[in-house]
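# Commentary on secondary and tertiary structure
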Amino acid sequence: MTRQLHLNAFIMPAGHHEAAWRHPSTQPERIHDADYFHQIARTAEAAAFDAVFFADSPSLSPAVAHNAVGGLEPITLLASIAAATSRIGLIATASTTYYEPYNLARLFASVDQLSKGRAGWNIVTTAADIAAANFGLDAHPDPVERYGRATEFLDVVTKLWDGWEPDAILLDRAAGRYADPDRIHPAEHVGQRFRVRGALTVPRSPQGRPVLVQAGASNEGRAFAARFAEAIFTAHQRLADAQAFYADIKAAAVRFGRSPDGVVILPGISPFIGDTEEAALALEREFNELTIPEYGLRQLEQLTGVRLGESALDGPVPADLFRDAGDVTDNGRSRLQVVAGIVERERPTVRRLLHRLAGARGHRVFAGTAEQVADTIEEWFRGGAADGFNVMPPFYPGGLEQFVDRVVPLLRERGLFREEYTGTTLREHLGLDVPRSRFADVRVAPLATGA
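Residues numbered from 1 in each chain as written. Predicted model: local features only at pLDDT ≥ 70, side-chain atom pairs only at ≥ 80, totals over all residues. Heavy atoms only, no water.

Our next topic: the overall build of the chain. A tally of helices and strands in the chain yields 13 helices and 13 strands. With the principal axes as the frame, the chain shows a C-alpha extent of 90 × 50 × 45 Å. Long-range contacts, defined as pairs at least 24 residues apart, comprise 77% of the intrachain contacts of the chain with a sequence gap of at least 6. A total of about 20,000 Å² of accessible surface is found on the chain, and carbon and sulfur atoms cover 51% of it. Side chains of the chain give 47 positive and 57 negative charges; the mean places of these two sets differ by 4 Å. (Helix = DSSP H or I, 4+ residues; strand = E, 2+ residues; numbered from the N terminus. Contact = heavy atoms within 4.5 Å. Areas by Shrake-Rupley, 256 points an atom, 1.4 Å probe, with all protein chains shown as cover. Lys, Arg positive; Asp, Glu negative; His and termini not counted. Charge placed at Lys NZ, Arg CZ, Asp CG, Glu CD.)

Rendered as structure tokens:
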């Protein structure tokens, strides 16, 4: 079968540009309205996108003063979208640092059942230090501890998801037996961080269990993704960097005994689309002119630890601002390295750097015609840099509608993207196998009796 491109709609309520909520084409008054998200999901589903995806953080950003941040709890929102759609995958972010395995396994298993096998979990350990105080902690755990917890957390969750054998539910009305307890396996997990007996209250879905997604690009994140992730969201500015990441992850997956085809890599792209390249660039400038410098400077401070004043906006980015970024062999602060690369190559003013980051927080922003957007997607897909893309429209809902109406038909003409769904589950959309249950061979069949 010809290799097919994968497309997700990464939903940021008003759009991925930080000033989207100020633009007249957006509807920030609707970002807590379920119907708004149903509309977006149906647009993506009509174009046969693999999934919609929601990021999340268990804390309210101080940036709420100048941006439409925060929002609805995403797993609950997925359940609502599941009822309003029938085929598109449903991926939400949830933190292994601030959940417990049993309740999170139950939440995602429930969405997976309600959607008939369309759920995915974007696994994060949470980067925001301010989240700790919301959960009674004095400090946010360091990366080593967070990924250690995440590894054991995932072990517990998959045990819980695997617990019900396919034939556990008997529905034997005559005998009065609803289920066979011997075919429902408790987790019985006793580890360094968790003690979870199980079993889960929800059986396996048509896709076995939710798809595991990961977005960390640090050393710890890459190792975790190569070992466990079935889809990876990533951020790159240049083709060569994306190719290096792609090759590294695929090779690491093989070292963990996995097939490289079992890991789908999806960089982010945030396209401004115009009838001409000049029109697309003008649209990007229009959004950039709506940015609030105070907001951008605060975001830069969170990234670098350095607070710049507004008087610095039209001067060059200070040479030592990214001294702690490290190099590409370290990957300890991956997003900082992406931004440091922009500064090194482009030598922007502070204002120009803030505009570069305003579009998609370090993901690739591209302004051009629909043909040019399709060209860059094809180049990365055929060039060993991506299995598909997280489409990150700078504004919703119109930015997604433009992509669907103008770019998707071009991708189909080039034989890159499906005309319609060929499966019903998220795993089928992504070309992933149903995972074998770890309890599949626990019960030994009785010996046959004979003469």
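Moving on to the pattern of salt bridges. According to the stated counting rule, one finds 25 salt bridges in the structure shown. Residue Arg438 pairs with Asp155 through a salt bridge whose shortest N-O separation is 3.1 Å. Note that Arg438 is positioned in the segment after helix H13 (426–430) and Asp155 in helix H4 (residues 143–162), a separation of 283 residues in sequence. Given the relative accessible area of 39%, Arg438 is considered partly exposed. One salt bridge in this structure joins Arg382 and Glu378, with 2.8 Å as the shortest N-O distance. Taken as a pair, Arg382 and Glu378 lie in helix H11 (residues 370–382) at a separation of four residues, close to a single helical turn. Since its relative accessible area comes to 53%, Arg382 is described here as exposed. Taken together, the salt bridges that share partners define one network made up of Asp155, Lys159, Asp162, Arg204, Arg209 and Arg438. (Salt bridge = Lys/Arg side-chain N within 4 Å of Asp/Glu carboxyl O. Buried < 20%, exposed > 50% of the residue type's maximum accessible area, 1.4 Å probe, protein only.)

All right, on to the packing of aromatic side chains then. One pair of aromatic rings is described through two measures. These are the centre distance and the angle between the planes. In this structure the tally under the stated criterion is 16 aromatic pairs. Plain terms: the ring middles of Phe49 and Phe403 are 6.2 Å apart, the flat faces sit at 80° to each other, and that makes the pair edge-to-face. One end of the pair, Phe49, is in the loop between helix H1 (34–46) and strand E2 (51–54); the other, Phe403, is in helix H12 (residues 398–413), with 354 residues separating them in the sequence. Ring centres of Trp121 and Phe153 lie 5.9 Å apart, and the angle between their planes is 50°; on these two criteria the pair is classed as tilted. You can see Trp121 sitting in strand E4 (residues 119–124) and its partner Phe153 sitting in helix H4, a full 32 residues away along the chain. Per residue, the accessibility class of Trp121 equals that of Phe153, and both read buried. (Phe/Tyr/Trp six-rings, centres within 6.5 Å; stacked < 30°, edge-to-face > 60°.)

Another point: the side chain of Ser95. Structurally, Ser95 can be placed in strand E3 (residues 89–95). There is a polar contact of 3.1 Å between the side chain of Ser95 and the backbone nitrogen of Thr97. (Polar contact = N/O pair within 3.5 Å; in protein donor to acceptor, adjacent residues only side chain to side chain.)

As a further point, take the environment of Arg347. By secondary structure assignment, the location of Arg347 is in the loop between helix H9 (334–346) and helix H10 (350–358). Separated by 17 residues in sequence, Arg347 and Arg364 place their C-alpha atoms 17 Å apart. Within the structure, Arg347 has its side chain in polar contact with the backbone oxygen of Glu344 (distance 3.3 Å).

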